[in-house]
Amino acid sequence: MVKNQPEQRGGVLGRSAPARRANRRLDPAEVPRDGGTPLVAIEGVSKAFGARETGLVALQDVNLSITDGEFISLVGPSGCGKSTLLKIVSGLLPASRGQVTLGGERIVSPRRDIGMMFQTATLFPWRTVKRNIMLPFDIARDKRTDREARVAEVIQLTGLDGFENNYPRELSGGMQQRVALCRLLVSNPRLMLLDEPFGALDEFTRERLNVELARISELERKTTIFVTHNITEAVFLSDRVVVMGTRPGRVLDIVDIELPRPRRAGVIATHEYSDRVGDVRRALGLV
Ligand SMILES: Nc1ncnc2c1ncn2[C@@H]1O[C@H](COP(=O)(O)OP(=O)(O)OP(=O)(O)O)[C@@H](O)[C@H]1O
Ligand SMILES: [Mg+2]
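The rules behind the values
- Residues numbered from 1 in each chain as written.
- Chains lettered and ligands numbered in written order.
- Predicted model: local features only at pLDDT ≥ 70, side-chain atom pairs only at ≥ 80, totals over all residues.
- Near = placed C-beta within 6 Å.
- Helix = DSSP H or I, 4+ residues; strand = E, 2+ residues; numbered from the N terminus.
- Nonpolar A, V, L, I, M, F, W, Y, C, P; charged D, E, K, R; others polar.
- Expected span 1.5 Å × (residues − 1).
- Buried ≥ 20, exposed ≤ 12 C-beta atoms within 10 Å, placed from the backbone.
- Arc of directions from axis to C-beta.
- Contact = placed C-beta atoms within 7 Å.
- Pairing = 2+ DSSP bridges.
- pLDDT = per-residue confidence, 0-100.
- Axes fitted to C-alpha atoms, helices over the stretch in contact; angles between N-to-C directions.
- Parallel < 35°, antiparallel > 145°, perpendicular 65-115°, else oblique.
- Left-handed = near helix turned anticlockwise from the far one by under 90°.

Asker: Please give an account of the site of ligand 1 that cites residues and values.
Answerer: Taken together, Phe49, Leu56, Ala58, Ser78, Gly79, Cys80, Gly81, Lys82, Ser83, Thr84, His229 and Gly249 form the complete shell of residues around ligand 1. Of all the secondary-structure elements, those providing two or more residues to the shell around ligand 1 are strand E3 (56-67) and helix H2 (82-90). In terms of residues, the shell around ligand 1 owes the most to one element, H2, which gives three residues. Looking at the shell around ligand 1, its residues break down into four nonpolar, seven polar and one charged.

Asker: Which residues make up helix H8 (residues 271-283), and what values do they have?
Answerer: Residues three or four positions apart in an α-helix share a direction because the helix packs 3.6 residues into each turn. Here H8 is 13 residues long and its end C-alpha atoms lie 18 Å apart, about the 18 Å a rise of 1.5 Å per residue gives. Along H8, the positions that sit buried rather than exposed are Arg276, Asp279, Val280 and Ala283. What you see down the axis of H8 is that its buried residues fit within an arc of 95°, all on one side. Looking one or two residues past H8, Gly285 carries a phi angle of roughly 75°, positive in sign.

Asker: Explain helix H3 (residues 129-139) to me, using residue names and the numbers behind them.
Answerer: Within the sequence span of H3, burial applies to Val129, Asn132, Ile133 and Met134. Those residues of H3 that are buried lie in contact with helix H4 (147-157) and helix H5 (173-186). Arg141 sits one or two positions beyond H3 and adopts a positive phi of about 50°.

Asker: Could you give an account of the pairing of strand E5 (residues 97-102), with specific residues and numbers?
Answerer: Across a regular strand the side chains alternate sides, sitting on one face of the sheet and then on the other. Note that strand E2 (residues 38-49) and E5 share five bridges and pair antiparallel. Looking at E5, one finds that Glu43 is bridged to Gln99. In sequence, E5 turns back onto strand E6 (residues 105-106) through a hairpin of two residues, with Gly103 there showing a positive phi of about 60°.

Asker: Pulling in residues and values, what's your account of the confidence of the model for the protein?
Answerer: Mean pLDDT for the protein: 87, with 87% of residues reaching 70 or above. Every residue in residues 1-35 is under pLDDT 50, and counting partners more than four places away or in other chains gives 54 contacts.

Asker: Pulling in residues and values, what's your account of the sheet that holds E6?
Answerer: Strands belonging to one sheet form pairs held by backbone hydrogen bonds; the direction of such a pair is parallel or antiparallel. Strand order in the open sheet formed by four strands is E3-E2-E5-E6, and the pairing between neighbours is antiparallel. Unpaired on one side and paired on the other, E3 and E6 mark the two borders of the sheet. Each of E2, E3 and E5 is contacted by H2, which is oriented at about 120° to E2, the strand it contacts most.

Asker: Describe the packing of H3 against H4, naming the residues involved and giving the relevant values.
Answerer: Orientation of H3 relative to H4, taken along the N-to-C sense of each, is 125°, at an axis distance of 10 Å. In terms of orientation, H3 and H4 fall into the oblique class. Note on packing geometry: the crossing formed by H3 with H4 is right-handed. For the pair H3 and H4, the contacting residues are Lys130, Ile133, Met134 and Phe137 in the first and Arg147, Val151, Val154 and Ile155 in the second. For the contact of H3 with H4, the class distribution of residues is six nonpolar, no polar and two charged.

Asker: So what's going on with unusual backbone geometry? Residues and values would help.
Answerer: With omega at -5°, the peptide bond leading from Arg247 into Pro248 counts as cis. Within the secondary structure, Pro248 sits in the loop between strand E10 (240-245) and strand E11 (250-256). A cis amide bond, omega 0°, links Arg261 with the succeeding residue Pro262. One non-glycine residue with positive phi stands out, namely Arg247, at about 45°.

Spelled out as structure tokens, the structure:
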């Protein structure tokens, strides 16, 4: 089902997130009790680069509300402003107009409760897997007693057990991205921002990591904004796919992905999955 604009979704959020995610293996106590107050609110965000007359409008009037625990993908052609939007949400880049809030608080600079992951893993080559994952604690001089246990937990979650003492050069690209994902998860951010994290990987590794990410996301229940060019990946992972267009960069459509959770590889063979992929392709003007 394709919806036109966020505002037309029946209130700001449309159907409540807990209802959409009812198939997740959740402890009922974990389900937000506020009926879907947005965790992240992107309100009237525009971004221009360069001089007013000759400059480029990278983003125009983007509005999006994201509920706690939701997995959102941004899909669109190169240059439509996906990375720009992610940087604004992370606090790395100021918006020209509008604002982004997290839990009602305006985001004005990078924060510890927002984690980001990129196409390349950016690991420290002189640190082992375990020491790379420990990095956020070291930077924050966080000496909490359970840090070893948390590192062990995310290593196990991502299937890296046995590689704790290896160096990045000894790992495949897919394993390096798993380490980057661990580093993101270990500090338990409220919001995860992923900019084409699997874009440099081969198709086989990408698909396997997508299945892993869906499982991890369902277990850890992290609110996530995931940027990709890959439509099938976006549909597989997401609760909603935000379809963006260029010149100016803007939201064209939002597609609800009401496929059952937990998401497993088998969903790709279903009609429902193909239908949602078709919806996104149509919104992008590809069919
Ligand atoms: N720092 C900057 N200065 C000037 N223009 C910029 C800057 N950053 C981005 N842009 C421009 O803003 C537009 C959006 O860029 P952005 O990187 O957000 O696109 P994208 O959707 O992430 O593309 P891709 O899929 O190729 O990564 C592009 O036209 C880009 O050239
Ligand atoms: Mg980009």
